[in-house]
Amino acid sequence: MYITTGKSILLVEDEAILGLLEKGLLEREGYKVFHVLSGEEALDYLKLEKSNIDLILMDIDLGSGLDGTETARQILFELSIPIVFLSSHTEREVVQKTEEITSYGYVVKDSGITVLDASIKMAFKLFEANEHTKSQKEHLETILSSIGDAVIATDRMGKIVNMNPVAEKLTGWNFREANGEDLRRVLKIVHSYTREAIESPVDKVLRTDQIVELGNHTVLLSKTGNEYQISDSGSPIKNSSGSTVGVVLVFRDVSEDYKFQEKITKQANMLNNITDSVVGTNLDLTITYWNKAAERIYGWTEEEAIGKNSKDLLQTNFLEVTREEVLEKIHKEGSYFGEVLQKDKFGNYVNIEVNSILLKNDRSEPIGYIAVGRDISERLSYLRQIQKSESTLTQILDTAMDAIISIDEGKSIILFNKAAEHMFGYKSEDVMGKNLDILIPLRFRPNHSDSIDRFAKTGVSQRSMGSLGKISGIRKSGNEFPVEASISQINLNGEKIFTVILRDRSPNLA
């Protein structure tokens, strides 16, 4: 069951008596509720108390001043917070108007506290999932931005779909010009001695379906007229079924030995929520209530659904628990919150996030159940896209030529890419969770730890290659070697994460 006790809600309701009633009902459910009568009051309140509010319950009709939708727009311009709309309107255009602003819920005023409470819980859960996704995205993007390599991504036809500023600088093309162009036009490469054109690395990857590297003496002819000696690698981008859908090309200017930082990520848009279904049944699961959202999600009209047994109609699959265990939990704890699979009228399975509540009469006797369901098929598709993007980003990290190591505030290793494995001789699983000192010679460890602590206090997000001075690493074999390093830091969920980029400067590698 999702715990919301102690969560703070700002209720924006212009009808004072109705507002007091709603406030009382919500406080009985364990919420802290603050009530204002207008959109203007809400804006003023949030200027002073925004850090104390977890969710806003917004009436759409707020009298002669700002209406609820405009108030919500102004709030969201300044503050990231879930907003659930309250209205007596059920017209499609009204609901669509709110969904264009934010998609955490729309509740009809006479739906009752059970539906309202379920909608609030769902809004909190979705908001936390969204915030977690954004944090993960920020971490991955920060790591990528610490890579000074140029990055270009193409589709399967060799058309450019993304490139970072380092690639823009080296090629002389900005992304606006290069977007959709054939890579051969943008990345013109020749042999430094013969000046003969070299086959596009994208063509090699697509032909072999393998990671490829350019040979020595490769020169990039920039659109600006400059020439850069480059070293690069190309890697196929795979979809979830293992098919190659594009290529990522990572290269650097080895003639001038500099690094710039930028991101490449394809993140899908956050899913758009829809109005929740509400299905009421008696204790034997015979359907007694079926709202319009249920008609839209499942396909059956109210007339077709009422009187049917929900177990037979929807054929609910509770995935990791049994129906009997769910009913036992509802009768013991009052509710069940989870994800299920249900069949619609056409035989298709629908992914539903459901909050089932035990209904009681005035004598506290159980009389039935109410299930509030949200179609989360799009959300699951979105999460799969996120996983695909993370897989793509991981592939990019593993094609980087420099070692990339992330540590937490305790100096414990939380990321160790392929280049780091090659540089130090450890497998990733051998060092995960261990202190960074394992990679540093004993005599350098105190100074190195102090250096990271001092950097953490500066508030600077990153320091470039070479800024940490001359340092050394130690391989698993015990051999020391000189390295050049850059460092960056981010604050992730209240904890600092440091990412170090290392380049081996051993004489035989120069």
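The shown structure was predicted, so the numbers you read here are calculated from the model rather than taken from an experiment. (Residues numbered from 1 in each chain as written. Predicted model: local features only at pLDDT ≥ 70, side-chain atom pairs only at ≥ 80, totals over all residues. Heavy atoms only, no water.)

**A look at the overall build of the protein chain**
Helix and strand counts for the protein chain stand at 17 helices and 23 strands. The buried share of the protein chain, taken over its 510 residues, is 48%. The long-range fraction of contacts in the protein chain, counting pairs at least 24 apart against all pairs at least 6 apart in sequence, stands at 55%. Accessible surface, the protein chain as shown: approximately 25,000 Å² in total, 49% of it carbon and sulfur. (Helix = DSSP H or I, 4+ residues; strand = E, 2+ residues; numbered from the N terminus. Buried < 20%, exposed > 50% of the residue type's maximum accessible area, 1.4 Å probe, protein only. Contact = heavy atoms within 4.5 Å. Areas by Shrake-Rupley, 256 points an atom, 1.4 Å probe, with all protein chains shown as cover.)

**A word on the packing of aromatic side chains**
Going through the model one piece at a time under the given rule, you end up with five aromatic pairs. A centroid spacing of 5.9 Å and a plane angle of 35° characterise the contact between Phe34 and Tyr45, whose relative ring orientation is tilted. With Phe34 in strand S2 (residues 32-36) and Tyr45 in helix H2 (residues 39-49), the pair connects residues that are 11 residues apart, well separated along the chain. Note on Phe34: relative accessible area 31%, which makes it partly exposed. Overall, Tyr45 belongs to the partly exposed group, its relative accessible area being 22%. Measuring from centroid to centroid gives 6.1 Å for Phe318 and Tyr336, while their planes differ by 75°, and the two rings are edge-to-face. Here the residue Phe318 occupies a position in the loop between helix H12 (310-314) and helix H13 (323-333), and Tyr336 occupies one in strand S15 (residues 335-343), the gap between them amounting to 18 residues. (Phe/Tyr/Trp six-rings, centres within 6.5 Å; stacked < 30°, edge-to-face > 60°.)

**As for the pairing of strand S12 (residues 244-253)**
Each regular strand carries side chains that alternate between the two faces of the sheet. Most of S12 sits out of view: nine of its 10 residues are buried. With six bridges joining them, strand S6 (residues 150-155) and S12 adopt antiparallel strand pairing. Bridge pairing links Ile152 to Leu249 in S12. The pairing of strand S11 (residues 227-238) with S12 spans nine bridges and is classified as antiparallel. (Pairing = 2+ DSSP bridges.)

**Regarding the pairing of strand S17 (residues 366-375)**
In this sheet, S17 lies alongside strand S13 (residues 277-282) in antiparallel orientation, the contact comprising six bridges. The residue of S17 that forms the bridge with Thr281 is Tyr369. Pairing geometry for strand S16 (residues 349-360) and S17, over nine bridges, is antiparallel. When the bridges of S17 are listed, Leu359 appears paired with Gly368. The loop that links S16 with its antiparallel partner S17 comprises five residues; one of these, Ser364, has a positive phi angle of about 65°.

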